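Spelled out from the first residue to the last, the chains are:
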Amino acid sequence: NYLGVECTITAVKMVEKVEKLALPCLPVGEGPHWQEDLQALLFVDVFAKKLRRHFINTGRSQELYLDDGDSATFVSMVIPVEDDPELMVVALGKNLSVVRWSVDDPNIHTTKPKVLHTTTDHRFNDAKCDPQGRLWAGTMCPLDDKGKPLEYNNCSLYKFDHDLVCTSWVKKVTLSNGMTWSHDRKSFYYIDTVAEAIYHFDYDDEAGSISNQRVLLNYPEAGLQDQRPDGMTTDVDGNLWVACFGGRQVICVDPKEAKVIRKIAIPSKNVTSVCWGGKDYSTLYVTSGTLRTTPEERAAYPSSGGTFAVTGLGTKGTPPINYKVNLDKLK
């Protein structure tokens, strides 16, 4: 009550909306990355060895098949190159490679990748660029048909600097997955899916180094025993948004409190990764897969393997970082 005027404040509750994009359901969709200049979602079709790009404003979709002579079975990530956005760095099996892909290419197209680096580990998996544009790429151990590791703790997380120099930073990894950085550039968050943990590291932005590894969130201890952490991103408030493989959801984690503060249901059992996009970065794009789901599960969730847009979350993200690499090294 101010100067005799009755004032009423009504809290507006944000209600999220989950919509499946007009894209096919995939065995595994992964590695979403927003291309702001195109207003397009870029991601990988893992088992088809394809890059996919969906233009949100027009509904156009492009597919790029990566013809590497059948040396690899999977493509696991794609990140555009800064200053030449038609260049994409991709992970194909053991190889970190580069391809060129234009919006002027046919909607269904094929290209041959150029190999930049070959790992001695089983194969690459997820990757992300740090605030300075250096590329961090993790590897993973082989899995059996049921998704169980055939080996443990013999892969790593690597950093590729602006000149493609590769250094190892985390060893004894089984299945490298999501990674993201805090806005103050002092923390790095990283997932080993088989360890069922989100890790927290101290991060030196200038040096591009990480140290002091500790567990931020243990999935079983957080009551998430039936699922595992996969891809991850950060919102403007510094909270982590984590895809839950096997959990039909994305969770939001407050890293300061080390606890889950929100859960968003996704109509697909195996949720694989997340990224922010849209005109103002208030849309959370979510990839998923039908891999290792039963016919009954797919019938109950017909959108399984879909790619989703989640809106109405009351928060948003920031633009993704492309790989800032010496272009002469890619020639």
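Since this is a predicted model, take the numbers as computed values, not measurements. (Residues numbered from 1 in each chain as written. Predicted model: local features only at pLDDT ≥ 70, side-chain atom pairs only at ≥ 80, totals over all residues. Heavy atoms only, no water.)

Draft legend 1. Region of interest: the nonpolar core. W241, V250, I266, L284 and V286 are the most contacted members of the largest nonpolar core, which totals 24 residues. Listed by contribution, the elements that provide at least two residues to this core are β3 (40–45), β20 (240–245), β21 (249–254), β23 (270–277), β24 (283–289) and β25 (308–311). A total of four residues in this core trace back to one element, the largest contributor, which is β23. Filtering out sequence-adjacent residues up to four positions away, V286 remains in contact with V250, I266, V271, S273, V274, G306, T307, F308 and V310. In this structure, V81, V98, L116 and L164 belong to the second largest nonpolar core, which totals 20 residues. (Core = buried A, V, L, I, M, F, W, Y, C linked by side-chain atoms within 4.5 Å. Buried < 20%, exposed > 50% of the residue type's maximum accessible area, 1.4 Å probe, protein only. Helix = DSSP H or I, 4+ residues; strand = E, 2+ residues; numbered from the N terminus. Contact = heavy atoms within 4.5 Å.)

Draft legend 2. Representation of the layout of surface pockets. If you add up the space inside the largest pocket, you get close to 820 Å³. Along the wall of the largest pocket there are 34 residues; nearest its centre are L143, G147, F245, L291 and R292. Elements supplying a minimum of two residues to the lining of the largest pocket: β6 (75–81), β11 (123–129), β19 (228–234) and β23. Looking at side-chain class alone, the lining of the largest pocket contains 13 nonpolar, 10 polar and 11 charged residues. The volume enclosed by the second largest pocket comes to roughly 570 Å³. Lining the second largest pocket are 31 residues, and of these K128, T180, P319, P320 and I321 lie nearest its centre. When its residues are assigned to classes, the lining of the second largest pocket shows 17 nonpolar, 10 polar and four charged. (1 Å grid on protein atoms, 1.4 Å probe; cavity = no way out; pocket = protein on both sides within 12 Å on 5 of 7 lines; lining within 4 Å. Points joined across faces, edges and corners; volume = space filled by probe spheres on them. Nonpolar A, V, L, I, M, F, W, Y, C, P; charged D, E, K, R; others polar.)

Draft legend 3. Representation of the sheet that holds strand β17 (residues 197–204) in the model. Pairing is antiparallel across the open sheet formed by four strands, whose spatial order is β15-β16-β17-β18. Both outer strands of the open sheet, β15 (176–181) and β18 (209–218), are each paired with one neighbouring strand and no more. The sheet shows a mean angle of 25° between the axes of neighbouring strands, direction not considered. Here β15 runs beside strand β16 (residues 187–192); their pairing, made up of four bridges, is antiparallel. In the strand pairing of β16, S176 is matched with D192. (Pairing = 2+ DSSP bridges. Axes fitted to C-alpha atoms, helices over the stretch in contact; angles between N-to-C directions.)

Draft legend 4. Geometry of the state of the cysteines. As enumerated under the stated definition, the model contains zero disulfides in all. For C252, which is in no disulfide, the shortest distance to another cysteine sulfur is to C244 and amounts to 11 Å. (Disulfide = S-S within 2.5 Å.)

Draft legend 5. Region of interest: the environment of D83. Here D83 is to be found in the loop between β6 and β7 (84–92). Exposure remark for D83: the relative accessible area of 70% places this residue in the exposed category. It is 9.2 Å that separates the C-alpha atoms of D83 and Y323, two residues lying 240 residues apart in sequence.

Draft legend 6. Broad picture of the pattern of salt bridges. Evaluated as defined, the whole model comprises 16 salt bridges. In this structure, the salt-bridge partner of K50 is E63, at a minimum N-O distance of 2.8 Å. Of this pair, K50 sits in strand β4 (residues 50–55) while E63 is found in strand β5 (residues 61–66), placing the two residues 13 residues apart along the sequence. Relative accessible area serves as the criterion here: at 18%, E63 is assigned to the buried category. Between R134 and D130 there is a salt bridge, and its shortest N-O distance comes to 2.8 Å. You can call R134 buried: its relative accessible area is 6%. On the basis of relative accessibility, which here comes to 0%, the residue D130 falls in the buried class. Through salt bridges that share partners, D45, K50, R52 and E63 make up one connected network. (Salt bridge = Lys/Arg side-chain N within 4 Å of Asp/Glu carboxyl O.)

Draft legend 7. The arrangement of the packing of aromatic side chains in detail. The full count for this structure, using the stated rule, is 12 aromatic pairs. Their ring planes at 80° and their centres at 5.0 Å tell us that F47 and F74 sit as a pair that is edge-to-face. One end of the pair, F47, is in the loop between β3 and β4; the other, F74, is in the loop between β5 and β6, with 27 residues separating them in the sequence. A relative accessible area of 37% means that F47 is categorised as partly exposed. When the centroid spacing of 6.3 Å and the interplanar angle of 55° are considered together, the rings of F124 and F160 count as tilted. One end of the pair, F124, is in strand β11; the other, F160, is in strand β13 (residues 155–160), and 36 residues separate them in sequence. For F160, a relative accessible area of 0% puts it in the buried group. (Phe/Tyr/Trp six-rings, centres within 6.5 Å; stacked < 30°, edge-to-face > 60°.)

Draft legend 8. Summary view of the UniProt feature "binding site: substrate" (unreviewed entry) in the protein. As annotated in UniProt, the feature "binding site: substrate" (unreviewed entry) corresponds to R123, N125 and D144 in the numbering used here. Lining residues of the largest pocket drawn from the annotated set just named are R123, N125 and D144. Of note, R123 is situated in strand β11. Once residues lying within four places of it in the same chain are set aside, the contact partners of R123 are F74, S76, G93, K94, T139 and M140. Inspection of the secondary structure assignment puts D144 in the loop between β12 (135–140) and β13. (UniProt positions renumbered as here; feature names shortened; annotations may be inferred.)

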